[in-house]
Amino acid sequence: MGERKLFCEISPLTYQISVKKNIFLRKIKDALSRQRFARIKSYEKLPVMIYKHASLIRRRLGNTDLELQENKAINLALSAPKVNGILIRPGETFSFWHLIGPDTARHGYKVGLTISNNKPSTGVGGGHCQFTNLIHWMVLHSDLTIVEHHHHDGFDLFPDYKRQIPFGTGTSIVYNYLDYRFRNDTDNVYQLLVYTDGEYLQGELRASKEQKSAYHICAENEFFSKEDGIVFRNGTVIRKKIEKRSGVCIHEETIRTNHARVMYDTSGLEIRKTAPSSIRE
């Protein structure tokens, strides 16, 4: 006998019912929570630059249709102004979907690249993961507290092409029940500035005053392994907290351990026959 299907897997209709249910439950949960969501914007830049990053919009992702890349550019251009200038004051939580709202065709969004069932797919609003990837990468360099973050777990879907940040620091989002959120537990005021310039999604994380610490994120012990004929990408992502005054690392943590099945042509990779047991466990 085959495995019993989940309700959402029975048909397209049951899938849509499940999606609507999840959206409704998240709205109820947020309404009943005591979270204070960031809503106030200012287009006057806060004085201190915490971190800035530019993310290439049109990247070569395997054999992805170029039209999907163009549609992603449109989607990002629609969404960036909804986040640009947002202030995250002490005690407030940033929620990506609270600011963006539904990414539907009715709101002007186009069909773009998405990830579904751990493989490339298409859907209206596709490309927003790149937006939250950018935000997440900047937040990792700050004193802000990440409270909701989802991964594309277990799969390396595309070969590296102009990769700027370590593999494993990406995000996975679905309106509105898979969100990207962080909270300001400091006495500092933070601000996100984001915009598209046609080629890049540009981002700045700014603050009202300097942080006492800086952060360095890096990948260590990266390699490809072959296990039972399957190729995996391995490695760890390390976050180091460095005291600015002394330059001393005062805290180090592993924020991600990667053991992801490679889903593209591996003929050009340097591959070990087996991974160390410490990686597989």
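Anything mentioned here points back to the structure above.
One structure accompanies this document, and this report is about it. Keep in mind it's a predicted model, so treat the numbers as computed, not measured. (Residues numbered from 1 in each chain as written. Predicted model: local features only at pLDDT ≥ 70, side-chain atom pairs only at ≥ 80, totals over all residues. Heavy atoms only, no water.)

### A word on the pattern of salt bridges
Applying the stated criterion across every chain, the model contains 15 salt bridges. Among the salt bridges present, the one from Lys 209 reaches Asp 187, with a minimum N-O distance of 3.2 Å. One end of the pair, Lys 209, is in the loop between strand S11 (200–207) and strand S12 (213–227); the other, Asp 187, is in the loop between strand S9 (181–183) and strand S10 (190–196), and 22 residues separate them in sequence. You can call Lys 209 partly exposed: its relative accessible area is 37%. A relative accessible area of 60% means that Asp 187 is categorised as exposed. Glu 253 is the salt-bridge partner of Arg 239, the closest N and O atoms lying 3.3 Å from each other. (Salt bridge = Lys/Arg side-chain N within 4 Å of Asp/Glu carboxyl O. Helix = DSSP H or I, 4+ residues; strand = E, 2+ residues; numbered from the N terminus. Buried < 20%, exposed > 50% of the residue type's maximum accessible area, 1.4 Å probe, protein only.)

### Comments concerning the pairing of S10
Where burial is concerned, most of S10 is hidden: five out of the seven residues are buried. Sheet topology places S10 next to S11; seven bridges connect them, and they run antiparallel. Residue pairing for S11: Gln 191 is matched across the bridge by Arg 206. Hairpin connection, S10 to S11: the antiparallel pair is bridged by three residues, and Gly 198 has positive phi, about 100°. (Pairing = 2+ DSSP bridges.)

### Regarding the environment of Ser 11
With respect to the helices, strands and loops of the structure, Ser 11 is situated in the segment before helix H1 (12–32). A residue is classified by how much of its surface remains accessible, and Ser 11, at 25% relative accessible area, is partly exposed. Measuring from C-alpha to C-alpha, the distance between Ser 11 and Pro 47 comes to 52 Å, with 36 residues separating the pair along the chain.

### Regarding the pairing of strand S5 (residues 111–116)
The pairing of S5 with strand S6 (residues 119–124) spans six bridges and is antiparallel. Across the sheet, Gly 112 pairs through a bridge with Gly 123, a residue of S6. Between S5 and S6, which pair antiparallel one after the other, the connecting turn spans two residues, and Asn 117 there sits at a positive phi close to 50°.

### Let's talk about the sheet that holds strand S2 (residues 48–56)
In space, the four strands of this open sheet follow the order S2-S11-S10-S3, with antiparallel pairing throughout. What marks the edges here is a single partner per strand, and that holds for S2 and strand S3 (86–88). Strand-to-strand twist in this sheet, taken as the mean axis angle between neighbours without regard to direction, amounts to 20°. One ladder, built from three bridges, connects S3 with S10; its direction is antiparallel. When the bridges of S10 are listed, Ile 86 appears paired with Leu 192. Against the sheet, helix H2 (residues 66–83) touches S3, S10 and S11, its axis set at about 160° to S10. (Axes fitted to C-alpha atoms, helices over the stretch in contact; angles between N-to-C directions. Contact = heavy atoms within 4.5 Å.)

### Let's talk about the sheet that holds strand S13 (residues 230–243)
Two modes of strand pairing occur in sheets, parallel and antiparallel, and in both the strands are linked by backbone hydrogen bonds. An order of S8-S14-S13-S12-S15 is seen for the five strands of this open sheet, with the pairing classed as mixed. The sheet is open, and its two edges are formed by strand S8 (155–156) and strand S15 (271–272), each paired on a single side. Summarising the sheet, S12 and S13 pair through 13 bridges and their orientation is antiparallel. Residue pairing across strands places Ala 214 opposite Ile 242, the latter belonging to S13.

Such coordinate-based values are descriptive only and should not be taken to indicate function.
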